[in-house]
Amino acid sequence: MLGVGTVIIGAFCFVALFAPWLAPHPAIDPFGENYQRPSATHLLGTNDNGSDIFSRLIWGSQTTLIVVVFATTMVLAIGLTVGLTAGLRGGFVDTAAMRIVDVFLGLPILPLLIFVAALAGPSLTVSILMIGLFTWPQTARIVRSQTLTLRQRGFISSARGFGAGPWYVIRRHLIPSLGPVIAANLVFVAGLSVAIEAGLAFLGLGDPTAVSWGAEISRAVGNPQILIDLLWLRWLVPTGLALTFAVVGFTLVGVSLEPSFNPRSNRAR
Amino acid sequence: MSQTQIPAPPAETVTAVDAVGTTEFLTEAAPSHRRRPPWVSLVSYVVTVLALITLNFALPRLMPGNPIDALLAQGADGAVQNEQTRAALTEYYQLDQSIPEQYVHYLGGLTRGDFGKSTTTNGSVGNELGGRVGWSLLLMVTGMLISIVIAVPAGIHSGWNRSKRADRNLLGLFLTLQNLPIYLVAAAAFTLLVSKFGLFPLGDATTLYGGYTGFAYVLDVGRHLILPGLLLGLDFATYEFLVMRSSMVSELGSDYLLAGRAKGLRQRRLKYRYAARNALLPVVTVVGLQFSVAITSIIFIERIFSYPGVGGYMFQAIGQRDYPAMQGAFLVLTITVVTVNLFVDLVYRRLDPRTSV
């Protein structure tokens, strides 16, 4: 599972990074003829605007990658800060932080995302900020619980006994030990952000200027010509597959990384 | 399919579902029974509801711009630009008052079921939502029933035959389904089954001007309900299947099964009467928790099938930048989720005496 997942994610990142060289046509072709059938120049034909469907598929991966990278970084930053602070400080800070996390976890994320995105206006920045702001509590909780267990370990207390300051302990001991746990969690967050971005774009709340798989699916479904010339097979299906593969790739890696680091599942075995 | 919309369940409800992904089910962890006393759930519920109401109040006010300009900008009559009208509108929306005063007024309105007026239809948002809640509920309940019919037997079978061929196939199938975004599956189903082959009606919950009465009306509603309901059911089923399966697997090594075998009970009886019955409990929780997933799924399903529910209403309101309608729909959807979650939490306590503290 790890292998397949890594290959999918690797391919996805490769396509996104090298899109300008890989894509045979620009994302928007102002002079293109619309609804062309597949040919050597247009592998999957062209869409309602005369843009090459295959190229848009490739360009779409870029938008997804941008969202994944920024949203995940944000989740990492907030989750790590809150989790570490709560776990290390304990007491009131811990209780307060965890209550906030509970409230966040109790909120239905997607309606909230839709609501905020609709209010703030569609843009990529808003999508990223929203995904980041609403998916960190899970990470914070995992970081906190791991910090709590790590804190009790001998090497940390001896480092502290030797006079190591909190920053030193965090940098030298906590972060390296937390690394794998956080990595597994972040892979899930990445997969989730792919799906959320596409979902928002599907509802018309993504960046209207960016090429997004979610928006493409929405456009394809709403297109009255979708059943002519097998357009659905050339437009809806590949876009859907690209999206699904990206999500599956992250899920596979996350699933295969997690069990070995999840204390609960280890205990249950 | 649930991947898109796994809204994390409330912290106090279930620990088995709180990984962002689904791995808990693959690791076959027995569901945890550690719980907090009921009052913690209640307090947490009240805080969440207040947070939602406050967010609903604050978010539009945090956004740049002014609601009246927004009203004017969305194509209101040019004549409304004059000072008098502006003053009247300002007074009507209480924008001349301080934020705390507005908040109190807003809370007061909510307690009377006053969600404000839609800026597109000028009708009461409360009434408009009221007419749609029923359809959403119908869709949701149908989806849940279908999901139980699909997931429970499949999960029992899969878990009972752990690691055998049937299990691997079923697990593969449901994991694949889980990773497919619901809007993609629904969009594909709509394009092919409805548009191309015309097997199902084109949307809406009834035939417009169909004039059906009595049994014919019920049939008509059913005809419109079946495909969205089925898709929703599949969406829920993936999650329920995984829980049912892992719960079943955790019963496999039980002493009572060994004793049953020793008594010479038939496999069927052991599988359904013994193991499955004990394994069913976590599924009850999950079915309840599905409500929060359901809420997000119905927004997509109702949008694609133009189903006249709350999700569709919210979507329509977004398209028209109709803020009062959007806020109303948002509030109804989210408060339903947290209320159902609380309910599930409390019911679960009754069902499983081990969880009461």
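Residues numbered from 1 in each chain as written. Chains lettered and ligands numbered in written order. Predicted model: local features only at pLDDT ≥ 70, side-chain atom pairs only at ≥ 80, totals over all residues.

**Observations concerning the overall build of chain A**
Just so we agree on the cut-off: Counting from the N terminus, the helices are DSSP H or I runs at least four residues long and the strands are E runs at least two residues long. A residue is called partly exposed when the number of other C-beta atoms within 10 Å of its own lies between 12 and 20, exposed at 12 or fewer, and buried at 20 or more, with C-beta atoms placed from the backbone.
Helix and strand counts for chain A come out as 12 helices and zero strands. C-alpha extents for chain A along the principal axes are approximately 75 × 40 × 35 Å. Per-residue burial over chain A gives 51% buried out of 269 residues.

**Things to note about the overall build of chain B**
To keep it simple, the criterion reads: Note on contacts: residues are paired as contacts if their backbone-placed C-beta atoms lie within 7 Å.
Along the backbone of chain B there are 14 helices and zero strands. Helices (α) and strands (β) of chain B occur, in sequence order from the N terminus, as α-α-α-α-α-α-α-α-α-α-α-α-α-α. Expressed as a percentage of its 357 residues, the buried residues of chain B come to 42%. For chain B, long-range pairs separated by at least 24 residues make up 75% of all intrachain contacts whose partners lie at least 6 apart in sequence.

**A closer look at the nonpolar core**
One recurring pattern in soluble globular proteins: nonpolar side chains tend to sit buried together. Our working definition: The nonpolar core criterion groups buried Ala, Val, Leu, Ile, Met, Phe, Trp, Tyr and Cys residues into a set whenever they are joined through C-beta atoms within 7 Å.
Counting 158 residues, the largest nonpolar core has L113 and I114 of chain A together with A186, M314, M326 and A329 of chain B as the members making the most contacts within it. Sequence-distant contacts of M314 of chain B, defined by excluding residues within four places in its chain, comprise I299, M326, A329, F330 and L333 of chain B.

**With respect to the environment of L170 of chain B**
Residue and element names in this part refer to chain B. Summarising the element assignment, L170 is placed in helix α7 (residues 165-179). A count of 18 C-beta atoms within 10 Å places L170 in the partly exposed class. Here the alpha-carbon distance between L170 and S158, two residues 12 residues apart in the chain, equals 6.6 Å. Setting aside its immediate chain neighbours within four residues, L170 contacts A154 and S158.

**With respect to unusual backbone geometry**
Residue and element names in this part refer to chain B. Even without being glycine, S163 reaches a positive phi, approximately 65 degrees. Secondary-structure assignment places S163 in the loop between α6 (125-160) and α7. Here S306, not a glycine, exhibits a phi torsion of approximately 45 degrees, which is positive. On the secondary structure map, S306 appears in the loop between α12 (281-304) and α13 (310-319). By C-beta crowding, S306 is classed as partly exposed, having 16 other C-beta atoms within 10 Å.

**Let's talk about the packing of helix α10 (residues 255-263) of chain B against helix α11 (residues 267-279) of chain B**
Residues and elements named next belong to chain B. Our working definition: Axis angles are defined between N-to-C directions and span 0 to 180 degrees, where every axis is a line fitted to C-alpha atoms and, for a helix, only to the segment in contact. Each angle receives one of four descriptions, namely roughly parallel if under 35 degrees, roughly antiparallel if over 145, roughly perpendicular if within 65 to 115, and oblique otherwise. Definitions for this section: a left-handed crossing has its near helix turned counterclockwise from the far helix by less than a right angle. A right-handed crossing has that turn clockwise. When residues are sorted by character, Ala, Val, Leu, Ile, Met, Phe, Trp, Tyr, Cys and Pro go into the nonpolar class, Asp, Glu, Lys and Arg into the charged class, and all the rest, Gly among them, into the polar class.
The interhelical angle for the contact between α10 and α11, taken along N-to-C directions, is 150 degrees, at an axis separation of 10 Å. Classed by the angle they form, the pair α10 and α11 counts as roughly antiparallel. Both α10 and α11 take part in a crossing whose hand is right-handed. Residues Y256, L257, G260 and R261 of α10 pack against L270, Y274 and A275 of α11. Of the residues assigned to the contact of α10 with α11, the class counts are five nonpolar, one polar and one charged.

**A few points about the packing of α6 of chain B against α13 of chain B**
Helix-helix packing is characterised by the crossing angle of the two axes and by the distance between the axes. Residues and elements named next belong to chain B. Where α6 contacts α13, the axes come no closer than 7 Å and their chain directions differ by 130 degrees. Considering the angle they form, α6 stands oblique to α13. Residues E128, L129, R132, V133 and S136 of α6 form the contact with α13, whose own contacting residues are V310, G311 and Y313. Tallied by class, the residues present in the contact of α6 with α13 amount to four nonpolar, two polar and two charged.

**A closer look at the environment of P108 of chain A**
Assignment of secondary structure puts P108 of chain A in the loop between α4 (91-106) and α5 (109-120). In this structure the C-alpha to C-alpha distance between P108 of chain A and F134 of chain A, which are 26 residues apart in sequence, comes to 9.6 Å.

**Details of the confidence of the model for chain A**
Residue and element names in this part refer to chain A. For clarity, the cut-off: pLDDT expresses how confident the predictor is about each individual residue, on a scale running from 0 to 100.
Averaged over chain A, the pLDDT score is 83; the fraction of residues at 70 or greater is 96%. Within chain A, helix α3 (residues 53-89) carries the highest mean pLDDT (90), whereas helix α12 (residues 263-268) carries the lowest (40). Between residues 261-269, whose pLDDT stays under 50, and residues either more than four places distant or in other chains, the model counts 13 contacts.

**Describing helix α4 (residues 83-92) of chain B**
Three- or four-residue spacings in an α-helix give side chains the same orientation, since the helix completes a turn every 3.6 residues. Little of α4 of chain B sits inside the fold, with zero of its 10 residues counted as buried. Once α4 of chain B ends, the next one or two residues include Q94 of chain B, with phi positive near 60 degrees.

**Re the confidence of the model for chain B**
Residue and element names in this part refer to chain B. Mean pLDDT over chain B: 76, with 81% of residues reaching 70 or higher. Across chain B, element-level confidence peaks in α6 with a mean pLDDT of 88 and bottoms out in helix α1 (residues 23-26) with 38. Taken as a whole, residues 1-34 scores under 50 in pLDDT and shows 114 contacts with residues more than four places along the chain or in a different chain. In the predicted assembly, ipTM is 0.75 and pTM is 0.78.

**A look at α6 of chain B**
Definition in use: By definition here, a helix of n residues has an expected span of 1.5 Å times n minus one. Fitting axes to the seven residues that end at a residue and to the seven that start at it, the angle between those axes gives the bend at that residue.
Over its 36 residues, α6 of chain B runs 50 Å from end to end, which matches the ideal 52 Å to within 8%, given 1.5 Å per residue. The largest bend in α6 of chain B amounts to roughly 30 degrees and is located at R132 of chain B.

**A word on the environment of A77 of chain A**
Within the secondary structure layout, A77 of chain A lies in helix α3. Once the C-alpha coordinates of A77 of chain A and A195 of chain A are considered, the two residues, 118 residues apart in sequence, prove to be 21 Å apart.

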